[in-house]
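What the coordinates show
The primary structure of each chain is shown beneath.
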Amino acid sequence: MNVIGKPRRRVDGRAKVTGQTRFADDIVLPRMLHMKLLRSPHAHALIREINVEKAKQCPGVHLVLTGKDFPVTFGILPVTQDEYPLAPEHVRYVGDPVAAVVAKDEKTATEALDLIEVQYKILDTISSPEEALAKPEPRIHAYSERGNIHRLQAFEFGDVDAALAKSDHVFEDLFFYEGNTHLPIEQHAAVAALDGEGKLTLWSSTQVPHYVHRCLARVLRVPASQIRVIACPNGGGFGGKCDVCNHEMVVAKAAMLLGRPVKICLNREEVFYMHRGRHPVLMKMRTGVTRDGKLTGMHVQTLVDGGGYGSYGVASTFYTGALQTVTYELPRYKFDAARVFTNKPPCGPKRGHGTPQPRFGQEVQLDKIAERLGMDPAELRLGIVAKPDSLTANWLKIGSIGLAECIRQVVARSDWNSKFKKLPYGRGVGLACGSYLCGAGLPIYWNRMPQCGVQLLLDRSGQVTVFCGATEIGQGSDDVLVAIVAEVLGIDPIEVRCITGDTGITPVDLGSYSSRVTVMMGNAAIQASQKLKDLIAIAAAEQLEVAPDRLTFANGKVFFDNKSLSFMEAVGFAEEKFGTLGAVGSYKPPRSPGRYKGAGVGPSPAYSYTACVVETDVDPKTGWITVPKIWIAHDIGRTINPVLARGQVEGSVYMGLSEALMEEQVFRRLPPKLSSALVHKIPSLLEYKSLTSLDMPEVDTVLIEDPDPNCPFGAKEAGQGPLLPVMPAVANAIYDAIGVRIDELPITPDKVLKALQLKAQGKPARVGPEHFPAVPYPEPLIVPPPWEGGDGKEIKKNDAAAVV
Amino acid sequence: MPRTLQLGLSVNGEAVELSFAAYKTLLEVLREDLGLTGTKHGCELGECGACAVLIDGQPQLSCLVLAAECEGRAVETVEGLARGAELHPLQAAFADLGAAQCGYCTPGILMTAKALLDKEKTPTRERIKEAISGNLCRCTGYQQIFEAIEEAALRLEHERHR
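Note that this is a predicted model, so its numbers are computed, not measured. (Residues numbered from 1 in each chain as written. Chains lettered and ligands numbered in written order. Predicted model: local features only at pLDDT ≥ 70, side-chain atom pairs only at ≥ 80, totals over all residues.)

1. Digging into the overall build of chain A
The helix and strand inventory of chain A stands at 20 helices and 34 strands. For 804 residues, the compact-globule estimate of 2.2 N^0.38 gives 28 Å, and the C-alpha radius of gyration of chain A, at 27 Å, lies within 12% of that figure. Counting only C-alpha atoms, chain A reaches 85 × 75 × 60 Å along its principal axes. For chain A, buried positions account for 62% of its 804 residues. Pairs at least 24 apart in sequence give 80% of the contacts found in chain A among residues at least 6 apart. (Helix = DSSP H or I, 4+ residues; strand = E, 2+ residues; numbered from the N terminus. Rg over C-alpha atoms; globule rule 2.2 N^0.38 Å. Buried ≥ 20, exposed ≤ 12 C-beta atoms within 10 Å, placed from the backbone. Contact = placed C-beta atoms within 7 Å.)

2. Details of the overall build of chain B
Helix and strand content of chain B: 5 helices and 5 strands. Listed N to C, the secondary structure of chain B is β-β-α-β-β-β-α-α-α-α in terms of helices and strands. Relative to its length of 162 residues, chain B is compact, with a C-alpha radius of gyration of 16 Å against a globular reference of 15 Å. C-alpha atoms of chain B, sized along the principal axes, occupy 50 × 35 × 25 Å. Residue burial in chain B is summarised as follows: out of 162 residues, 53% are buried.

3. Side note on the interface of chain A and chain B
Of the residues lining the interface, 40 residues belong to chain A; the matching set on chain B comes to 40 residues. The element that contributes the greatest number of residues to the side of chain A that touches chain B is helix H17 (residues 642-661) of chain A, accounting for 8 residues. When the residues that make up the side of chain A that touches chain B are grouped by side-chain class, the tally is 16 nonpolar, 16 polar and 8 charged. (Nonpolar A, V, L, I, M, F, W, Y, C, P; charged D, E, K, R; others polar.)

4. Some thoughts on the confidence of the model for chain B
Per-residue pLDDT for chain B averages 96, and the proportion of residues at 70 or more is 99%. Model confidence for the complex is summarised by a pTM of 0.97, with the ipTM given as 0.98. (pLDDT = per-residue confidence, 0-100.)

5. Observations concerning unusual backbone geometry
Residues and elements named next belong to chain A. Geometrically, the link from Glu137 to Pro138 is a cis peptide bond, its omega value of -10° lying close to zero. One can find Pro138 in the loop between helix H4 (129-134) and strand S7 (149-157). That bond from Leu745 to Pro746 is cis: its omega, -5°, falls within 30 degrees of zero. In this structure, Trp395 is a non-glycine residue whose phi angle is positive, near 70°. Here Trp395 lies in the loop between strand S16 (390-391) and strand S17 (397-398).

6. Re the pairing of strand S10 (residues 200-204) of chain A
Residue and element names in this part refer to chain A. Taken across its 5 residues, S10 has 5 buried, putting it largely inside the fold. Side chains Leu200, Leu202 and Ser204 project from S10 onto one buried face, and the interleaved Thr201 and Trp203 project onto a second face that is buried too. As paired strands, strand S9 (residues 189-194) and S10 are joined by 5 bridges and run antiparallel to one another. Considered in S10, the bridge of Val191 is made with Trp203. Taking the residues between adjacent antiparallel strands as the criterion, S9 and S10 are bridged by 5 residues, where Gly198 takes a positive phi near 85°. Across 5 bridges, the pairing between S10 and strand S11 (residues 227-231) is parallel. Bridging from a neighbouring strand, Leu202 pairs with Val229 of S11. Taken together, S10, helix H6 (residues 209-220) and S11 constitute a β-α-β crossover, and its handedness is right-handed. (Pairing = 2+ DSSP bridges. Right-handed = clockwise from strand over helix to strand, strands pointing away.)

7. A word on the nonpolar core
Residue and element names in this part refer to chain A. Grouped together as the largest cluster of nonpolar side chains are 313 residues, with contacts concentrated most on Val485, Val730 and Ile734. Looking at this core, the element that brings in the most residues is helix H15 (residues 517-544), giving 16 residues. Residues in contact with Val730, not counting those within four places in the same chain, are Gly430, Val614, Thr616, Leu657, Ala660, Leu661 and Ile747. (Core = buried A, V, L, I, M, F, W, Y, C linked by C-beta atoms within 7 Å.)

8. Here we look at the sheet that holds strand S3 (residues 61-66) of chain A
Residues and elements named next belong to chain A. Taken together, 7 strands build an open sheet; the order of strands is S3-S5-S1-S12-S9-S10-S11 and the sheet is mixed. Pairing within the sheet leaves two strands with one partner each, and these edge strands are S3 and S11. The sheet shows a mean angle of 20° between the axes of neighbouring strands, direction not considered. Along the sheet, H6 contacts S10 and S11; its crossing angle with S11, the most-contacted strand, is approximately 150°. (Axes fitted to C-alpha atoms, helices over the stretch in contact; angles between N-to-C directions.)

9. A closer look at the packing of H6 of chain A against helix H7 (residues 246-258) of chain A
Think of two packed helices as two axes; the pair is described by the angle between the axes and how far apart they sit. Residues and elements named next belong to chain A. At a minimum axis distance of 10 Å, the contact between H6 and H7 shows a crossing angle of 55°. Compared by their axis directions, H6 and H7 come out oblique. Relative to H7, H6 is oriented so that their crossing is right-handed. Between H6, through Val212, Cys215, Leu216, Val219 and Leu220, and H7, the contact on the second element is made entirely by Glu248, Met249, Ala252, Lys253 and Met256. A per-class count over the contact of H6 with H7 returns 8 nonpolar, no polar and 2 charged. (Parallel < 35°, antiparallel > 145°, perpendicular 65-115°, else oblique. Left-handed = near helix turned anticlockwise from the far one by under 90°.)

10. Topic: the sheet that holds S7 of chain A
All names here are of chain A. If you trace the 7 strands from one edge of the open sheet to the other, you get S32-S8-S13-S14-S15-S7-S34, paired in mixed fashion. Lying at the two open borders of the sheet, with one neighbouring strand each, are strand S32 (744-745) and strand S34 (781-782). Helix-sheet contacts for helix H10 (residues 356-373) involve strand S8 (169-177), strand S13 (281-289), strand S14 (295-305) and S32, and the interaxial angle to S8 is about 140°.

11. Structural notes on the environment of Val464 of chain A
Residue and element names in this part refer to chain A. Within the secondary structure, Val464 sits in strand S20 (residues 464-468). As a C-alpha pair, Val464 and Glu379 span 85 residues in sequence and 50 Å in three-dimensional space. Beyond its immediate chain neighbours, meaning those up to four positions away, Val464 contacts Leu458, Val485, Leu489, Ile491, Glu495 and Val496.

12. Focus on the packing of H17 of chain A against helix H18 (residues 726-738) of chain A
Residues and elements named next belong to chain A. Interhelical geometry of H17 versus H18 gives an angle of 50° and a closest axis separation of 8 Å. On the basis of the axis angle, H17 is oblique to H18. Judged by the sense of rotation from one axis to the other, the crossing of H17 with H18 is right-handed. Here Val653, Gly656, Leu657, Glu659, Ala660 and Leu661 of H17 lie close against H18, whose contacting residues are Val726, Met727 and Val730.

13. With respect to the domain arrangement of chain B
Residues and elements named next belong to chain B. Each assigned domain of chain B is listed with its residue range as follows: domain 1 (4-80) and domain 2 (89-160). Summarising the inter-unit geometry, the C-alpha centres of domain 1 and domain 2 are found 21 Å apart. Every contact between the two is made by 15 residues of domain 1 and, on the other side, 13 residues of domain 2. In terms of residue count, strand S3 (residues 52-55) provides more of the side of domain 1 that touches domain 2 than any other element does, 3 residues in total. Of the residues belonging to the side of domain 1 that touches domain 2, the class tally is 8 nonpolar, 5 polar and 2 charged. (Domains from an automatic or database assignment.)

14. Here we look at the pairing of S9 of chain A
Residue and element names in this part refer to chain A. The element S9 is extensively covered by neighbouring structure, given that 5 of its 6 residues are classed as buried. One ladder, built from 4 bridges, connects S9 with strand S12 (residues 262-265); its direction is antiparallel. Counted as the bridge partner of Ala189 is Cys265 from S12.

15. Details of H18 of chain A
All names here are of chain A. Helix length check: H18, at 13 residues, gives a terminal C-alpha distance of 19 Å against a target of 18 Å (1.5 Å per residue), a fit within 8%. H18 sits mainly inside the fold: 13 of its 13 residues count as buried. Two residues or fewer after H18 comes Gly739, characterised by a positive phi angle close to 70°. (Expected span 1.5 Å × (residues − 1).)

16. Description of the domain arrangement of chain A
Residues and elements named next belong to chain A. When its domains are assigned, chain A resolves into domain 1 (18-123 + 185-236 + 241-274), domain 2 (153-180 + 277-441 + 596-767) and domain 3 (449-587). Relative placement of domain 1 and domain 3: their C-alpha centres are 38 Å apart. Every contact between the two is made by 14 residues of domain 1 and, on the other side, 15 residues of domain 3. Of all the secondary structure elements, the ones that give two or more residues to the side of domain 1 that touches domain 3 are H6 and S11. Within the side of domain 1 that touches domain 3, the residues separate by chemical class into 8 nonpolar, 5 polar and 1 charged.

Below, the structure written as structure tokens:
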């Protein structure tokens, strides 16, 4: 291969280092106005009255909008259309938008917000999952399953209780993973304008222009054909720009009403309110093992704090269980989950989407299991790695697995065997693994259409232009697209122009989420490129008087032996023979074998695998944790551009370590006399701690290539999976260093000191959740695993015994 | 206080006469009045470093500097970094070595790194870490940024000996 696998400057690299990349807030249009949103200061309240007259009279103000202007709800998932662009009567978190002002500049708009008078009837605040379970009233959403429980899910794949009863050991542990946020350095921005034909264009920092397009049509009651959404390059996404946002709807409406361009850019505090970040999850894990370290069954229960709206929450909740079966062989599996509504900014998808929380729990528990069994944690894992080309207990189809090699690599490179349990007190190493989707098997809204389309145009000047709805969020999707087209056509990537993320001119791609772009866009791009390559080969073959299948496309030439045409000449002959040259390609993931209700979350064309070793240095006097080095090996299937792939892996290590040690989205109550509000403790970049360049350790990265047949040139994802093992590896390394278990994230010095204190008092040296509240999980859906005679469908409970 | 101010300063080596609203920060004047949107904002509170520019050769957070303070001073932004069509060695190294992922923090880090390399020809990894510790990057994990600055230092050294 000439392009794939070679280190290259990314196609958009020059624009990014010259300041030419045009982010949404960099767009300036003639006659453009500016919008600001008025947000609720209360965590939970009813709006009695809004008076906007004074704001309307303010010089420089062009428009004031309230909930009355937006009768239609929206939401990213069809089952949770629970948000209004501006809340008409019920606000559900501090920051819920209630009104908008459009003015000549941002300053005037901001000042006019103060002139809007809102009378609220304050309701009790539901602040935590425990409170949500205990208090069905005041109800945050009328549509929730019961009281303030948004959603309940329960599945059983084989009789787990029976499996645990027969196990040599059963381990039961509670874990807690605090919520945290994406913190992209770019704040969300959007610009809306009517074009010369009177149609709406919205430029936005979004990861999902297609879903924004659909929601705008619904909310504005305008045919989708009259709306164009352009996803600007995102200044970081990490899932934070995956949801459809209030401000996108409101700014679009304002531009339509005023006939002038309108811009909004959220300030940093508003980005914290927008959130849609990592759900706080309390977990209970019961796992059975044999004395030689094989898993016999696992029962996972999760309690998920959803915040004020649905967002992706139903899917996130499924993901707190769905992928627990993909890493290791697990004969039986039971999973109960509950998502509750609380009066906090809505949670949604952040890098790893629902999976990092249970992955943390399972990998720490495996460390405890290895210790009890007297096994090395790496050896234990090597003995249970899932098998390639297999089905899991919950009917997910696994393809290639490079995990064993990942484990061997990090063990060797970190010198694990001479460090684990052998370093002096205060120093330790920890190991953990993970696995992740390469794209969700099903689209967010039910349809049988492709999840990604690519269109390719060629002409006699040798120009190659590729169009795709995929969204560049920094991960390098434009570079992947260009590399694949260039590889198939045998040309230099510099010859390919790529146009992406524009619903007006590019074929639909569902968006940059679930690590789906390389696999889905890549497969579609290969298909489109191959179609044109075949036509060019036929025309070139006539000229060169050889059979088309003997021609090679490489280095800008089409050739056989010493007969050759330049790519441009060959395209010219093809244009002469076949007319104007264009082709499309599309991709839809293979159908998953699971047939039960709920089987839609978890399937993927392929799964990536990662292993990680973290070394820590813990000061027992202060609890301060230093991480000198991290070793990571990621099974990427095939590397498209090693510079970018390494960047994705190391960026994941960075974000994982930051979550492990400091990132947390936490809230505090104001004194009850003052307000019932639950306010963000730290809605600023200064107080929301994240790792700086001084905190970041050296990272040793290895890419393992175990190509997957479902993937383009075998290439799997690299943007999310490598985050998963980092947090548990940190926790395990701290145990190796000082012998205390911190079963919750983040692991801060105060928790380390508390655990050391408990140890000194002769108590269990553990800090973590002590109690799992009673959750009214429903009777599980019973689905026998593939090896117990199932066919992927659920069965009635009475039939379960017969099948087993 | 007058509603608009008039003053002269140098931006990327060119003399500029400006009239702007008195309350504006240098960041706002660069982006809104001069159309130099290469300089970014992430917080407007001096927390993220995305808006770093050079003022008289020193890295400064332009969101914390009033434009009114810049009379007669020399401001350098990312737009002025390249030498005509040719990238500055820092820019080339950032583009080649993966130091810019989403690219949003990149202009601020490039300018901060330029100030470092203008003063120190071959800074150690530790010095580089210190120099950019006020610039947050959420994408890269910083490794490739460190490497790009080291590579740029080598390329600049090579230029000097050419």
